[in-house]
Amino acid sequence: RPKLSGPELLCQLKEKVEVTTLTPDLKPFSSLPWSSQLPQQDMTSDIGPYKSCAVVSSAGSLRYSGLGKEIDSHDAVLRFNAAPTAGYEKDVGSKTTIRLLNSQVMASDDHRFLSSSLYSTGILVAWDPAPFSADLSQWYNKTDYPIFTQYHRYRRLHPLQPFYILHPHFEWQLWQRIQDNMAEPIQKNPPSSGLLGTVLMMSLCEAVHVYEFLPSRRKTELCHYYQRFYDAACTLGAYHPLLYEKNLVKRMNQGLDQDIYTHGRVTLPGFITLNC
Ligand code: NCC
């Protein structure tokens, strides 16, 4: 199998990965009493297009980066899970346009998802590791964490905040792109929030700048910029095929290698700008 070039990989992503969110017309949601809490339309028809976007990984190497001003200069900024800005503005900025949450964060007691003000700014997007090739009903009956119970509770408390749920075909179609472009079999777990968020932004923005997903010269075993916890697996992956995700992003990068080294910055084109 020939190794695809960066532009070929980008076109594969654009053509084979459907970035969609749940809507009330989809089974089994259409027959559930709370279906009207789901947004009427797919996220990509409601949100954007933005010109320039930032995706801020939660990596420890953002610490002492001084990238805050640059990150905030983008039209939209995506952050992950419980990653804070308060107290870290100099390094990660303060703007949050979209927050991508895994279902573990929504369900675990220590994150106080229903009550913490961390989650109350911006557009929320949630995802849950669905069983491979399961349809929506099978997933609904066997979610990894109780994403729907928590979604339902959160929506009751914050009815005006936009809140989307990723369609699970997105995670597995993206997983398939990784697998088809690697020489060895990879673990059958969905891609990390980092890659899901990057591809989500490629469908909402003309240009996407990803920070410290590919580590800079500040590379560290510090897991997150906001916690005193050290584990190299945060950067290299354990459950998620993170190393393979990073390999793919490196191949698609349209910025300079020097920008990765100094700023931890990768530049990817938005899907609307691609002529495939
Ligand atoms: O750590 P996490 O991710 O919230 O980080 C968001 C994304 O940033 C990229 N990252 C992070 C740290 C690092 N040193 N290098 C990186 O490249 C990754 O792309 C990552 O996805 C997740 O993907 O949702 C994850 O969530 C955590 C955890 O659930 C939340 O932080 C809430 O505490 C997972 N950790 C555990 O389950 C213990 C992590 O595996 C993946």
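The structure we're discussing is the one just above.
Residues numbered from 1 in each chain as written. Predicted model: local features only at pLDDT ≥ 70, side-chain atom pairs only at ≥ 80, totals over all residues. Heavy atoms only, no water.

Peer 1: Can you lay out unusual backbone geometry for me, pointing to particular residues and giving the numbers?
Peer 2: With glycine set apart, most residues show a phi of negative sign, and most peptide bonds adopt trans. With an omega dihedral of 5°, the bond running from Lys27 to Pro28 counts as a cis peptide bond. Note the cis peptide between Gly48 and Pro49, where omega equals 0°. Note that Pro49 resides in the loop between α2 (43-46) and β1 (50-56). Although it is not a glycine, Tyr64 sits at a positive phi angle of roughly 65°. Turning to its location among the elements, Tyr64 is positioned in the loop between β1 and α3 (68-72). (Helix = DSSP H or I, 4+ residues; strand = E, 2+ residues; numbered from the N terminus.)

Peer 1: With reference to specific residues and values, describe the state of the cysteines.
Peer 2: Across all of its chains, the model carries three disulfides by this definition. The partner cysteine of Cys11 in its disulfide is Cys276, sulfur to sulfur 2.0 Å. Disulfide Cys11-Cys276: the torsion about the S-S bond is -90°, which places it as left-handed. In this pair, Cys11 is assigned in helix α1 (residues 6-16) and Cys276 in the segment after β7 (265-269), connecting sequence segments 265 residues apart. Covalent S-S linkage joins Cys53 and Cys205, the inter-sulfur distance amounting to 2.0 Å. Taking the sign of the torsion about the S-S bond as the criterion, the disulfide between Cys53 and Cys205, at about -90°, is left-handed. Taken together, the positions of Cys53 in strand β1 and Cys205 in strand β6 (residues 205-211) put the pair 152 residues apart, joining distant regions of the chain. Among the cysteines of the chain that take part in disulfides, numbered as they appear in the sequence, the pairing is 1-6, 2-3, 4-5. (Disulfide = S-S within 2.5 Å.)

Peer 1: Summarise the site of the ligand; cite the residues concerned and give the values.
Peer 2: The immediate surroundings of the ligand are formed by 20 residues, with Asn81, Asn102, Gln104, Ser193 and His224 found nearest. Within the contact set of the ligand, an oxygen atom lies 2.5 Å away from a side-chain nitrogen or oxygen of Ser193. At a separation of 2.8 Å, an oxygen atom of the ligand approaches a polar side-chain atom of Lys246. Burial of the ligand by the protein amounts to 77% of the accessible area it has alone, namely 730 Å². For the shell around the ligand, the elements supplying multiple residues, two or more each, are α5 (103-107), α9 (193-202), α10 (233-236) and α11 (242-252). Class assignment for the residues of the shell around the ligand results in seven nonpolar, twelve polar and one charged. (Near = heavy atom within 4 Å. Polar contact = N/O pair within 3.5 Å; in protein donor to acceptor, adjacent residues only side chain to side chain. Areas by Shrake-Rupley, 256 points an atom, 1.4 Å probe, with all protein chains shown as cover. Nonpolar A, V, L, I, M, F, W, Y, C, P; charged D, E, K, R; others polar.)

Peer 1: So what about the nonpolar core? Which residues, and what values?
Peer 2: Residues Met43, Val125, Met201 and Leu204 are the most contacted members of the largest nonpolar core, which totals 72 residues. Of all the elements, α9 adds the most residues to this core, at six residues. Counting twelve residues, the second-largest nonpolar core is a separate cluster that includes Leu62, Ile71, Ala83 and Tyr226. (Core = buried A, V, L, I, M, F, W, Y, C linked by side-chain atoms within 4.5 Å. Buried < 20%, exposed > 50% of the residue type's maximum accessible area, 1.4 Å probe, protein only.)

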